[in-house]
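Listed below, chain by chain, are the residues.
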Amino acid sequence: MKERVVPNLHDLGAAALAAELSPHVHPSFRIRQIEKWLHDRGAWSFDQMTDLPRELRDSLASRFTLDLAETTERTPPAPDGSEKFLFRLGDGSLVESVFMPMGERTTLCLSSQAGCAVGCTFCVTGFYGAGRNLTPSEIVGQVHRIRLEKDVAWERMNLVFMGMGEPLLNFENLAIALETLERNVSPRRITISTSGIIPGIRELAALERRPNLAVSINAPDQKRREEIMPITKKYPLAELIETLREYPLEKGREMTAEYVLLAGWNDAPDDAAQLARLLRGLDVKVNAIPFNPDPSLPEWMKRPHDAAIDRFAAALVRHRVPVTVRRSRGDQISAACGQLRGKSERRRGA
Ligand code: SAH
Ligand code: SF4
């Protein structure tokens, strides 16, 4: 006999949620109450829904679940206040998220997959290899758990998908998670970072409410980018840039080009000039990220000295490309966004 799957309400977008609930929930204003409990308050138990009649809560609990990802571990805060959260998912997979207080605002760095199949050679998540897609409840669960544990108000929150995984290879679940998160966080406060999955960028472009787009460019030409990002063979750099040119940017917004700086490899002022030419005509700012070393990564990869980083940034500015440099935030807990590993035991190729 086929086992009946009990739907998790946190996995459903607005339309699917209404369809699931409406046969069981009357009058219909009760559905709006439930939505509030789910999306605004992050409820993980029907018992929390104290403004619903007892009978309704019991009937819901017999039909649906409300599981959210569970936190298993928290690193002690680094001097800059950032903290790493480790989540164990239902099937034992581990993913990480990072809480980063930044003055008035707080940024949460979120994972979209438990691992990453893209296999960039400078990335620890890539080194440990492919994992599965996170479900919508596992994506929003990271937000609700950290929000509640750290008491972060929705109004102060920025969300960046720069943790483990390639968000645009998990588009369907990402889109559902965005739909529910956008009840409380404006899409202007949400950033999707991609390694340049062209069909995914097109899907994002078709959304009515678009989050910000960050693209990991990381090398100024096709040949070098192929060396560290094998996905470049499938989605060539020229085509990627063309796709970005067609991307419908809202007024007043710009995209971000992330650029991991590797000493002696892509950090010369000439490389900055080449990058500026590549990006010409795009409304884009560069986010230069000095390489974060790790024993699992190739030994030739080194973080440039501060002077070289400054020269690179200055060269970009001379070519009229705005640039920010991500300095050591999170280094202390080896949790700089995008350098998470989830302590997976598997290794690439194993
Ligand atoms: N898969 C998406 C989002 C996760 S990676 C992407 O690739 O964009 C987030 C960022 O961390 C990317 O810009 C990536 O280039 C960067 N990153 C990964 N490993 C790094 C390392 N060892 N040092 C510095 N930046 C790194
Ligand atoms: Fe995946 Fe991004 Fe890491 Fe590349 S940099 S392996 S796309 S997580």
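Each remark here, short or long, concerns the structure printed above.
Residues numbered from 1 in each chain as written. Chains lettered and ligands numbered in written order. Predicted model: local features only at pLDDT ≥ 70, side-chain atom pairs only at ≥ 80, totals over all residues. Heavy atoms only, no water.

1. Regarding the packing of helix α1 (residues 14–21) against helix α2 (residues 29–40)
Right, so step 1: Put simply, α1 and α2 touch, their axes get as near as 11 Å, and they point 130° apart. On the basis of the axis angle, α1 is oblique to α2. When the axes of α1 and α2 are compared, the crossing they make is right-handed. Of the residues in α2, those in contact with L17, A18 and L21 of α1 are I31, I34, E35, L38 and H39. (Axes fitted to C-alpha atoms, helices over the stretch in contact; angles between N-to-C directions. Helix = DSSP H or I, 4+ residues; strand = E, 2+ residues; numbered from the N terminus. Parallel < 35°, antiparallel > 145°, perpendicular 65-115°, else oblique. Left-handed = near helix turned anticlockwise from the far one by under 90°. Contact = heavy atoms within 4.5 Å.)

2. Focus on helix α6 (residues 171–181)
Right, so step 1: Along α6, the residues classified as buried are F171, N173, L174, A177, L178, T180 and L181.
Right, so step 2: Summarising the contacts, the buried residues of α6 are in contact with α2, α5 (136–150), β5 (157–161), β6 (190–194) and α7 (198–205). (Buried < 20%, exposed > 50% of the residue type's maximum accessible area, 1.4 Å probe, protein only.)

3. Some thoughts on the pattern of salt bridges
Right, so step 1: Per the stated rule, a full pass over the model turns up 18 salt bridges.
Right, so step 2: Residues D91 and R132 are paired through a salt bridge, measuring 2.7 Å at the closest nitrogen-oxygen approach. One end of the pair, D91, is in the loop between β2 (83–88) and β3 (94–102); the other, R132, is in the loop between α4 (124–128) and α5, with 41 residues separating them in the sequence.
Right, so step 3: The closest approach of N and O atoms between R209 and E182, which form a salt bridge, is 3.8 Å. Placement of R209 in the loop between α7 and β7 (212–216) and of E182 in the loop between α6 and β6 is noted, with a sequence separation of 27 residues between them.
Right, so step 4: Judged by relative accessible area, which is 45%, R209 ranks as partly exposed.
Right, so step 5: On the accessibility criterion, E182 (9% relative accessible area) is buried.
Right, so step 6: Three or more residues joined by partner-sharing salt bridges are found here, namely R74, E83, E149 and K150. (Salt bridge = Lys/Arg side-chain N within 4 Å of Asp/Glu carboxyl O.)

4. A closer look at the environment of S193
Right, so step 1: Relative to the helices and strands, S193 resides in strand β6.
Right, so step 2: With relative accessibility at 9%, the residue S193 sits in the buried group.
Right, so step 3: Linking S193 and P167, residues 26 residues apart in sequence, is a C-alpha distance of 7.2 Å.
Right, so step 4: When sequence neighbours within four positions are dropped, the list of residues in contact with S193 reads F161, M162, E166, P167, A214, S216 and E258.
Right, so step 5: In this structure the side chain of S193 is engaged in a polar contact, spanning 2.7 Å, whose partner is the side chain of E258. (Polar contact = N/O pair within 3.5 Å; in protein donor to acceptor, adjacent residues only side chain to side chain.)

5. Comments concerning the nonpolar core
Right, so step 1: In terms of nonpolar packing, the biggest core is built from 80 residues, with F122, L159 and L275 touching the most fellow members.
Right, so step 2: Among residues more than four places away in sequence, those in contact with L159 are L108, L110, V143, L181, V185, R189, I190 and T191.
Right, so step 3: Core analysis: the next-biggest nonpolar cluster, separate from the first, contains 17 residues, L9, L38, M49 and L56 among them. (Core = buried A, V, L, I, M, F, W, Y, C linked by side-chain atoms within 4.5 Å.)

6. Here's the deal with the site of ligand 1
Right, so step 1: Around ligand 1 there are 22 residues in total, and F122, G165, S193, S216 and N292 lie nearest to it.
Right, so step 2: Between ligand 1 and N218, the relevant distance is 3.3 Å, taken from an oxygen atom to a side-chain nitrogen or oxygen of the residue.
Right, so step 3: When residues of the shell around ligand 1 are traced back to their parent elements, those giving at least two are β6, β8 (255–261) and β9 (284–290). (Near = heavy atom within 4 Å.)

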